[in-house]
Amino acid sequence: MTDRQITGTGRLYGVGLGPGDPSLVTVRAAELIGKADVVAYHSARHGRSIARSIAERYLTGGQIEEKLVYPITVETTDHPGGYRGALDDFYEEAAARLAAHLDAGRDVVVLAEGDPLFYGSYQHMHKRLAHRYPTEVVPGVTSVSAAAARLGQPLTEAEETLTVIPGTLPEEELTARIAAADSAVIMKLGRTFPAVRRALERAGRLDDAQYVERAFMDGERILPLAEVEGETVPYFSVAVLPSKVAPLEPVERRTDGAGAVAVIGTGPAGPLWLTPEARGVLAEATDLVGYTTYLDRVPERPGQRRHASDNKVESERAEYALELARRGHKVAVVSSGDPGVFAMATAVLEVACEEAYRDVPVRIVPGMTAAHAAASRAGAPLGHDYAVVSLSDRLKPWDVVARRLRAAAEADLVLALYNPGSKSRTTQVALARDLLLEYRAPETPVVMARDVGGPTERVRIVRLGELDPALVDMRTILLIGSSQTQAVERGGGVEVVWTPRRYPES
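No experiment lies behind these values; they were computed from the predicted model shown.

Undergrad: With reference to specific residues and values, describe the overall build of the protein chain.
TA: Helix and strand counts for the protein chain come out as 15 helices and 23 strands. Whereas a compact globule of 506 residues would reach a radius of gyration of roughly 23 Å, the protein chain reaches 31 Å, over 25% beyond that. Out of the 506 residues belonging to the protein chain, those deemed buried represent 47%. Counting contacts in the protein chain only where the partners sit at least 6 residues apart, residues at least 24 apart contribute 69% of the total.

Structural data, given as structure tokens:
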């Protein structure tokens, strides 16, 4: 028995027509269009429907045609609910028209360019009707696949991810999404094209971008996006950032002198702490240079060369990266946290300012600092003025460290202490604790944060007088409160640390 015999109603079909060429309509879609009692399609006020023109060869002439004419497109409206309210009312009215046919036992095919559930108008009918009537969705070739086919370039390869971005997003958001993408397709161009072009340029991806207009339709146009004039761009066009793997030349052959160095902050641990900008620059690099532990956090990509080294050869690592860039490579120097906070940015710039490397472009890409990550786990201990001090005396004498600790303590600043201890440095934490106890009460809150964001993360709140140096290692950061810092137990026994924004008058 058919659905109609069982339920007494017609069946709803959302039918994808592909990108434009009627030959790319699936066999299933063609069958349903030919058998339908009712064929519905959307159109603008001018009455012409691209969906109908694609399906025309499959129409029998005996079907009822329901033209669903949008009351507005991008125009202004006096509807009390504004643009969204006008469209919602239209979708409700259109769904009611189709429901009347379904209730009368007629099968209804709703035509959709591309795929019905991929930015398609059909989805608004689906949400309003699919739970009430037997429904089938027939997929179609998307504009994304059509554009890739016309370009003849892979969209993704190996572990790459594809990002689909609507051009209607705010320009800042567009820039961030583009910067973070491996490969991408930006849709809904038309009037959004100028902002999309600026976003591609700001993200450093304009030269990679391809433009595909009306793929598999009359008037098809394909060219580098940088060559497109903004006033000529229709809605049925996409910007494509193809796979980065396929066109990548072997590293040995990159001798065009167009290299550069980017020093990347990867945050305290893992991809969740990586900024979109950093993610994009890492993906663009031909070479990655860094301390082995930090380099292991970056996913491997086909075609990229990785140059790992020990943690104590910063200058040598910087020179090696600059030499690669001078030979035409795009080099990313990987640093944890923020590269400008006790990390690789200074090491690279020190060498980059030497005569041999002054012409090599160097950019610093910031990252989440360890201090800020640790503070977020404990509450808001850095809510007022604070000082950042490294306890390492490998590059400066301990008496300098002690002098700075004393000055910060006398000024009643919260302290973020980096590099507190290691296998070869075991006395600094105890020395710093005893010095600070000359200025701070033993009850002063101390945040001990280890491996924040990592698999062995542990954050403890102790008191300065009880700070045990044996529990502190190189992966730990210490946040020492000021005289005003509070440690308060909230619901569930959770203790939070915060420093008031106001400081009492003398």
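Having seen the structure, we can now continue with the description.
Undergrad: Report on helix 6 (residues 143-151), specifying residues and quantitative values.
TA: Those residues of helix 6 lying buried are V144, A146, A147, A148 and L151. Tucked inside the fold, the buried residues of helix 6 contact strand 6 (162-166), strand 7 (183-187), strand 8 (210-213), strand 9 (221-224) and strand 10 (237-241). After helix 6 finishes, the residue G152 shows a positive phi value of roughly 70°.

Undergrad: Give me the packing of helix 4 (residues 82-103) against helix 5 (residues 122-129): which residues, what numbers.
TA: When two helices pack together, their arrangement is captured by the angle between the axes and the distance separating the axes. Following both chains from N to C, one finds helix 4 and helix 5 inclined at 65°, their axes separated by 9 Å at the closest point. The chirality of how helix 4 crosses helix 5 is right-handed. Residue-level contacts link D88, Y91, E92, A94, A95, L98, A99 and L102 of helix 4 to H124, M125, R128 and L129 of helix 5. Here the contact of helix 4 with helix 5 is composed, by residue class, of eight nonpolar, one polar and three charged.

Undergrad: Lay out the sheet that holds strand 22 (residues 486-489) with the relevant residues and their values.
TA: The strand order 16-23-22 describes an open sheet built from three strands, whose pairing is mixed. Across the chains shown, the open sheet's two edge strands, defined by having one partner strand only, are strand 16 (379-380) and strand 22. Of the pairings in the sheet, the one linking strand 22 to strand 23 (residues 495-498) comprises four bridges and is antiparallel in character. Paired with E489 across the strands is E495, a residue of strand 23.

Undergrad: Now, about the sheet that holds strand 5 (residues 135-138): what can you tell me, with residues and values included?
TA: Backbone hydrogen bonds are what pair the strands of a sheet, in a parallel or an antiparallel way. One open sheet holds the five strands; their spatial order is 3-2-4-1-5, and the pairing between them is parallel. The strands lining the two open edges of the sheet, one partner per strand, are strand 3 (64-69) and strand 5. Across the sheet, the axes of successive neighbouring strands diverge by a mean angle of 20°, strand direction being ignored. In the sheet, strand 1 (residues 12-16) pairs with strand 5 via four bridges, with the strands oriented parallel. By the bridge assignment for strand 5, Y13 is matched with E136. Its contacts with the sheet place helix 2 (residues 27-35) against strand 1, strand 2 (38-43), strand 4 (108-112) and strand 5, and it is angled at close to 135° to strand 1.

Undergrad: Describe a negative patch on the surface, listing the residues and the values that go with them.
TA: A grouping of E316, E319, E350 and E354 is seen on the molecular surface, where their side chains present a negatively charged patch. Positionally, E319 belongs in helix 11 (residues 314-326). A relative accessible area of 40% means that E319 is categorised as partly exposed.

Undergrad: An account of the packing of aromatic side chains is requested, with residue identities and associated values reported.
TA: Overall, the coordinates contain eight aromatic pairs when judged by the stated rule. A centroid spacing of 5.4 Å and a plane angle of 50° characterise the contact between F90 and Y91, whose relative ring orientation is tilted. The same class applies to F90 and to Y91, which are both buried. With 5.0 Å between their ring centres and 85° between their planes, Y291 and Y294 make a pair best called edge-to-face. Aromatic ring contacts, followed pair by pair, group Y70, F90 and Y91 into a single cluster. Lying over the aromatic face of F216, R150 brings its terminal NZ or CZ to 3.8 Å of the ring centre.

Undergrad: Got a sec to walk through the pattern of salt bridges? Specific residues and values, please.
TA: For the structure on display, the rule yields 30 salt bridges. A salt bridge links R463 to E495; its shortest N-O distance comes to 2.7 Å. Within this pair, whereas R463 is found in strand 20 (residues 458-463), its partner E495 is found in strand 23, the two being separated by 32 residues in sequence. R463 gets classed as partly exposed once you look at its relative accessible area, which sits at 22%. For E495, a relative accessible area of 27% corresponds to the partly exposed category. Members of the salt-bridge network, linked through shared partners, are E171, E172, R198 and R202.

Calculation criteria
- Residues numbered from 1 in each chain as written.
- Predicted model: local features only at pLDDT ≥ 70, side-chain atom pairs only at ≥ 80, totals over all residues.
- Heavy atoms only, no water.
- Helix = DSSP H or I, 4+ residues; strand = E, 2+ residues; numbered from the N terminus.
- Rg over C-alpha atoms; globule rule 2.2 N^0.38 Å.
- Buried < 20%, exposed > 50% of the residue type's maximum accessible area, 1.4 Å probe, protein only.
- Contact = heavy atoms within 4.5 Å.
- Axes fitted to C-alpha atoms, helices over the stretch in contact; angles between N-to-C directions.
- Left-handed = near helix turned anticlockwise from the far one by under 90°.
- Nonpolar A, V, L, I, M, F, W, Y, C, P; charged D, E, K, R; others polar.
- Pairing = 2+ DSSP bridges.
- Patch = residues over 30% accessible without salt bridge, like charges linked within 9 Å, V, L, I, M, F, W, Y side chains within 5 Å.
- Areas by Shrake-Rupley, 256 points an atom, 1.4 Å probe, with all protein chains shown as cover.
- Salt bridge = Lys/Arg side-chain N within 4 Å of Asp/Glu carboxyl O.
- Lys, Arg positive; Asp, Glu negative; His and termini not counted.
- Charge placed at Lys NZ, Arg CZ, Asp CG, Glu CD.
- Phe/Tyr/Trp six-rings, centres within 6.5 Å; stacked < 30°, edge-to-face > 60°.
- Lys NZ or Arg CZ within 6 Å of the ring centre and 35° of its normal.

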